[in-house]
Amino acid sequence: MGKVVEHFRNYCLFCSELIIQHMVLFFKFLFKTSLTFHIAILHIALFLLFSFHFCILGKESENNFVRVRMLRKQQCVHLDGSIIMSEYTSAYFQEQIHHCQLCPRMCGVDRTVKQGFCQAPAGAVAARAALHFWEEPCISGTRGSGTVFFSGCTLRCCFCQNYRISRELYGKALTTRELADTFLRLQDQGANNISLVTATHFLPWILPALDLVRDRLFIPVVYNCGGYERVETIDALKDYVDIWLPDLKYESSDLSARYSQAPFYFQTATKAISQMIRQTGAPKLRTIPGEAAPVMERGVIIRHLVLPGQKEDSIRLMHWLADSLPQNSFYISLMSQYTPYEKNPQFPELNRRITSYEYQKVVDAALELGLTQGFMQEKSSAKEEYTPAFDLEGL
């Protein structure tokens, strides 16, 4: 409660200064005009009434939080001072339902009427919610990551290993309460975190679920995405996401257009990743009883999947990471798990796994550039059994 009182005291000082400044300007205006005395008094009274409207501490208690009324926006604050959601943030995501601009596609569709590029309906749809043990060691640990795989995607990667849910939208529709209960079940199962996989197009329905359990969810929230995100959306998630797990897929716009139908992927993803790092700062680990090694509490892990025949593009990305991002501000995860599930006549160059030589050249480049904080994958990771079964488990 002390934090709430402190915020209110600072806010009142701000309002007082604002009122005084406006009163001085108002009297200067009076001296320069021919307004009568009675009109002047009326203006002063109206101004004071208007000013006090913005200087009210709502003393009502609702759902165990106190409302602090602020200029143009309102914040919902727990009794311990932690922010639930500002009206500004809530309005931002609610507006997306009827004019969706959550991702860089910015389709602008009314999700209650039609579907945009991602083909997602109004309301969250997921295909699996279970402990996942094959993420980076500091994410999965030995207890697993509480991973929720959402259906649909804002990209169209021709090599997607999760195509059944990303392209075919297989999954189950969930209410806000059902999704909130899913998060708590994963925590009860011992998950080190709650990992939201490909969640951007469902944020207006996911965030209210997180709000419902904020006072009972004590593990970090991971945002596992393809990197193709708007900076505005990343910024609006700053009070929700503790760990960012973005891909950085391509440097070449030709490749991103050909393989993911996103010609401006690099320009978009690099801006989004820079914003993620600004919001979390350097990686922070914590020790958990029963875990052999510390797990991540906050920070950014940038993933890159090396593709067949594209090691030079991968090496260009390593140069960007080394040259453009603050040193030691992120972990890098170089993945060798590319697995072609079927022959693709449209992209024959992708109908093979990467070679050890290709992967090692990218790893060597990263090390030479000083990108030493992070993870490598064993070549044996390129197996179909590492892709989870999307069978509605946990839903």
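Remember, predicted model here, so these are calculated numbers, not experimental data. (Residues numbered from 1 in each chain as written. Predicted model: local features only at pLDDT ≥ 70, side-chain atom pairs only at ≥ 80, totals over all residues. Heavy atoms only, no water.)

Trainee: Could you give an account of the overall build of the chain, with specific residues and numbers?
Mentor: When helices and strands are tallied, the chain shows 12 helices and 14 strands. For the chain, the proportion of its 395 residues judged to be buried stands at 51%. Sequence-distant contacts, at least 24 apart, represent 68% of the contacts inside the chain between residues at least 6 apart. Entry remark: accessible area of the chain is about 19300 Å², with carbon and sulfur atoms responsible for 56%. (Helix = DSSP H or I, 4+ residues; strand = E, 2+ residues; numbered from the N terminus. Buried < 20%, exposed > 50% of the residue type's maximum accessible area, 1.4 Å probe, protein only. Contact = heavy atoms within 4.5 Å. Areas by Shrake-Rupley, 256 points an atom, 1.4 Å probe, with all protein chains shown as cover.)

Trainee: How would you sum up the environment of Ala124? Please name residues and give values.
Mentor: Assignment of secondary structure puts Ala124 in the loop between helix H3 (87-98) and strand E5 (125-132). Once the C-alpha coordinates of Ala124 and Ile206 are considered, the two residues, 82 residues apart in sequence, prove to be 7.0 Å apart. Apart from the residues within four sequence positions on either side, Ala124 is in contact with Phe150, Lys172, Ala173, Leu174, Leu179, Phe202 and Trp205.

Trainee: Go over the pattern of salt bridges, please, and point to the residues and values.
Mentor: In total, this model carries 16 salt bridges according to the counting rule given. Asp215 serves as the salt-bridge partner of Arg216, at 3.8 Å between the closest nitrogen and oxygen. Classification of Arg216 as partly exposed rests on a relative accessible area of 37%. Residue classification places Asp215 among the partly exposed positions, given a relative accessible area of 43%. In this structure, Arg258 engages Glu349 in a salt bridge whose closest nitrogen and oxygen atoms are separated by 3.1 Å. Highlighted residues: Arg258 in helix H9 (residues 253-260) and Glu349 in the loop between strand E13 (331-335) and helix H12 (356-368), separated in sequence by 91 residues. With a relative accessible area of 40%, Arg258 lands in the partly exposed category. Three or more residues are tied together by salt bridges with common partners; here these are Arg128, Asp391 and Glu393. (Salt bridge = Lys/Arg side-chain N within 4 Å of Asp/Glu carboxyl O.)

Trainee: Describe in detail empty space enclosed by the protein, supporting the description with residues and values.
Mentor: Taken as a whole, this structure holds 2 cavities of 30 Å³ or more when the rule is applied. By volume, the largest cavity is sized at about 120 Å³. Considering the residues around the largest cavity, the lining is formed by 15 residues, among which Cys100, Cys103, Cys107, Phe117 and Cys118 are closest to the centre. As a volume, the second largest cavity reaches approximately 30 Å³. The wall of the second largest cavity is formed by Lys249, Tyr250, Leu255, His304, Leu305, Leu307, Gln310, Asp313 and Ser314. Of all the secondary-structure elements, those providing two or more residues to the lining of the second largest cavity are strand E12 (295-305) and helix H11 (311-324). Of the residues that constitute the lining of the second largest cavity, the class distribution is 4 nonpolar, 3 polar and 2 charged. (1 Å grid on protein atoms, 1.4 Å probe; cavity = no way out; pocket = protein on both sides within 12 Å on 5 of 7 lines; lining within 4 Å. Points joined across faces, edges and corners; volume = space filled by probe spheres on them. Nonpolar A, V, L, I, M, F, W, Y, C, P; charged D, E, K, R; others polar.)

Trainee: Would you mind going over the packing of aromatic side chains in detail, with residue names and values included?
Mentor: Using the criterion set out here, one finds 11 aromatic pairs in the structure. Between the aromatic rings of Phe149 and Phe390, the centroid separation amounts to 5.3 Å while the plane-to-plane angle is 70°, which identifies the pairing as edge-to-face. On the criterion of sequence distance, the pair formed by Phe149 in strand E6 (residues 145-150) and Phe390 in the segment after strand E14 (374-376) is long-range, its members being 241 residues apart. Of the two residues, Phe149 and Phe390, both sit in the buried class. (Phe/Tyr/Trp six-rings, centres within 6.5 Å; stacked < 30°, edge-to-face > 60°.)

Trainee: Tell me about the packing of helix H6 (residues 176-188) against helix H7 (residues 203-212), and please be specific about residues and values.
Mentor: Remark: H6 packs on H7, axes separated minimally by 8 Å, with the N-to-C direction vectors making an angle of 55°. Classified by the interaxial angle, the pair formed by H6 and H7 is oblique. Classified by chirality, the crossing of H7 by H6 is right-handed. Here H6 contributes Thr176, Arg177, Leu179, Ala180 and Phe183 to the contact with H7, which in turn contributes Trp205, Ile206, Pro208, Ala209, Leu210 and Leu212. For the contact of H6 with H7, a count of residues per class yields 9 nonpolar, 1 polar and 1 charged. (Axes fitted to C-alpha atoms, helices over the stretch in contact; angles between N-to-C directions. Parallel < 35°, antiparallel > 145°, perpendicular 65-115°, else oblique. Left-handed = near helix turned anticlockwise from the far one by under 90°.)

Trainee: Summarise H7; cite the residues concerned and give the values.
Mentor: Extensive coverage of H7 is indicated by the burial of 8 of its 10 residues. Among the residues making up H7, those that are buried are Leu203, Pro204, Trp205, Ile206, Leu207, Ala209, Leu210 and Asp211.

Trainee: Pulling in residues and values, what's your account of the pairing of E12?
Mentor: Across the 11 residues that make up E12, a large majority, 9, are buried. Here strand E10 (residues 243-246) pairs with E12 via 2 bridges, running parallel. Within E12, the residue paired with Trp244 across the bridge is Val300. Two strands pair when backbone bridges link them, and strand E11 (residues 284-286) and E12 are joined in this way by 3 bridges, in the antiparallel orientation. Across the sheet, the residue bridging to Arg286 is Val295, located in E12. Bridge analysis of E12 against E13 gives 5 bridges, and the strand direction is parallel. (Pairing = 2+ DSSP bridges.)

Trainee: Any chance you could break down the environment of Phe93 for me, citing the residues and the numbers?
Mentor: Examined against the element boundaries, Phe93 turns out to sit in helix H3. Note: C-alpha distance between Phe93 and Thr233 (140 residues apart in sequence) is 8.7 Å. Filtering out sequence-adjacent residues up to four positions away, Phe93 remains in contact with Leu102, Leu203, Pro204, Leu207, Thr233, Ala236 and Leu237.

Trainee: For the side chain of Thr270, give the residues involved together with the corresponding values.
Mentor: Structurally, the position occupied by Thr270 is in helix H10 (residues 265-280). Judged by relative accessible area, which is 7%, Thr270 ranks as buried. A polar contact of 3.2 Å, which involves the side chain of Thr270, links it to the backbone oxygen of Gln267. (Polar contact = N/O pair within 3.5 Å; in protein donor to acceptor, adjacent residues only side chain to side chain.)

Trainee: Can you explain the nonpolar core? Please cite residues and give values.
Mentor: Judged by nonpolar contacts, the single largest core of 86 residues is most densely connected at Phe150, Phe183, Leu196 and Leu321. Broken down by element, the residue count for this core peaks at 7 residues, all from H10. (Core = buried A, V, L, I, M, F, W, Y, C linked by side-chain atoms within 4.5 Å.)

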